[in-house]
Amino acid sequence: MHRNVSTTDDVLALLDGLFAPEADRWTAGGASWWDAFYADRSREVPFFAEKPDENLDAHLRQGRIAPGRALELGCGPGRNALRLAALGFDVDAVDLSPEALAWARERADEAGAGTIRFHHGDAFALTAAGAALAGPYDLIYDSGCFHHLPPHRRISYLALLERCLAPGGHFALTCFAAGEGGMGSELPDAELYLTGGLHGGLAYTDDELRHVFSGLTEIELRRMNDEAPESPVFGEPFLWTALFRAPARS
């Protein structure tokens with residue numbers, strides 16, 4: 001059957017298929033790539049260290065975010081989920097990679113973090129309407145997931161935030177920054193479909209992020225601090241950090 005597009009989900013799935021298989025790092029089909037990435041825990045990858053993002057740590061210390069129910073998208077080895085749980089948050093953490101989740105569970109067991117539930121799978125499916133992780137959440141945190149989405153999946157991402165974020169809740173993000181000292185592909189959206197790849201992840205300008213998340217109130221948007229290896233927090237200046245707040249219930 002060749003004429004099978006009749007819903008928005010059909011269109012999104014069709015567009016997913018325009019990318020080469022090795023570009024897929026956002027659906028369940030991308031799990032094997034992430035498993036290989038996390039398989040060698042001794043690799044010198046800065047965010048393998050068991051310490052939270054400096055921006056998340058700052059938001060928590062400065063009282064911008066109060067403990068509540070939290071969802072982390074793309075939790076990896078669990079470093080941010082652990083910090084949230086330690087400060088009293090009730091945490092659901094999602095990742096595509098069984099390898100990353102096994103590492104995260106080991107860390108949580110060692111830390112005695114009993115308020116984290118780790119979930120394997122596609123975040124869009126796990127948070128669908130009526131699903132267990134549909135919210136509402138007081139905080140949704142994403143450290144490095146958003147920039148691996150193709151342009152059309154921003155629609156899915158915004159729908160996830162609208163569906164799962166509590167009125168007045170916070171959304172915090174780190175993602176690749178465009179421009180000097182940044183990282184990631186700066187190809188225009190249309191060209192990504194012509195090349196069939198995401199080139200390791202998409203870089204954004206600050207204005208692009210403000211446009212994408214214009215339905216939320218901006219609290220802070222800045223480059224991540226450059227943290228030394230011995231710092232108790234993670235920070236790399238090629239990333240943006242952002243904090244937004246959802247509208248309160250009218």
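Before reading on, note that the structure itself is shown above.
Along each chain, residue indices are assigned from 1 in the same order as the chain's sequence is written. The predicted nature of this model means local features are confined to residues of pLDDT at least 70 and side-chain atom pairs, given and counted, to a pLDDT of 80 or more, with totals for whole chains, interfaces and linings taken over all residues. For side-chain calculations, the full set of non-hydrogen atoms in the structure is used, while hydrogens and water are omitted.

## Quick look at helix 5 (residues 98-111)
Let me state the cut-off plainly: The way it works is that DSSP assigns letters per residue, a run of H or I at least four long becomes a helix, a run of E at least two long becomes a strand, and they are numbered from the N terminus. The span you would expect from a helix comes to 1.5 Å times its residue count less one. Remark: exposure states derive from per-residue accessible area (1.4 Å probe, protein chains only) relative to the maximum for the residue type, with buried under 20%, exposed over 50%, and partly exposed in between. Here the arc refers to the directions that run from the helix axis out to each C-beta atom. Two residues form a contact once any of their heavy atoms are found within 4.5 Å. Distance and chemistry together define a polar contact, namely a pair of N or O atoms within 3.5 Å, with one atom able to donate a hydrogen and the other to accept it when in protein, and with adjacent residues in sequence counting only for side-chain atoms on both sides.
Across its 14 residues, helix 5 extends 20 Å between first and last C-alpha, which sits within 8% of the 20 Å expected from 1.5 Å per residue. Taken together, the buried positions of helix 5 are occupied by Ala 100, Leu 101, Trp 103, Ala 104, Arg 107 and Ala 108. Along helix 5, the residues classed as buried sweep out an arc of 160° about the axis, all on the same side. Pointing more than 90 degrees away from the buried face of helix 5 are the exposed residues Asp 109 and Glu 110. Along its buried surface, helix 5 packs onto helix 2 (31-39), helix 4 (79-86), strand 2 (90-95) and strand 3 (116-120). For helix 5, the capping residue at the N-terminal end is Ser 97, with a side-chain oxygen 3.2 Å from the backbone nitrogen of Glu 99. The positive-phi residue at the C-terminal boundary of helix 5 is Gly 112, with phi of around 65°.

## Looking at the pattern of salt bridges
How we decide: Counted as salt bridges are all cases of a side-chain nitrogen of Lys or Arg within 4 Å of a carboxyl oxygen of Asp or Glu.
Within the structure shown, the criterion is met by 16 salt bridges. Salt-bridge contacts for Arg 107 lead to Glu 50; the nearest nitrogen and oxygen are separated by 3.7 Å. Pair noted here: Arg 107 is in helix 5 and Glu 50 is in the loop between helix 2 and helix 3 (54-61), with a separation of 57 residues, a long-range link. Residue class for Arg 107 comes out buried when judged on its relative accessible area of 7%. Residue Glu 50 is classed as partly exposed on the basis of its relative accessible area, which comes to 48%. The closest approach of N and O atoms between Glu 218 and Arg 210, which form a salt bridge, is 2.7 Å. Overall, the relative accessible area of 33% leaves Glu 218 in the partly exposed class. Its relative accessible area of 31% is what places Arg 210 among the partly exposed residues. Through salt bridges with shared partners, one network takes in Glu 54, Arg 64, Glu 220 and Arg 222.

## A word on the side chain of His 147
Mapped onto the fold, His 147 is located in the loop between strand 4 (137-143) and helix 7 (153-164). For His 147, a relative accessible area of 4% gives the class buried. A distance of 3.3 Å separates a polar side-chain atom of His 147 from the backbone oxygen of Gly 144. In this view, His 147 contacts Thr 174, Cys 175, Phe 176, Gly 201, Leu 202, Tyr 204 and Leu 239; residues no more than four positions away in its chain are not counted.

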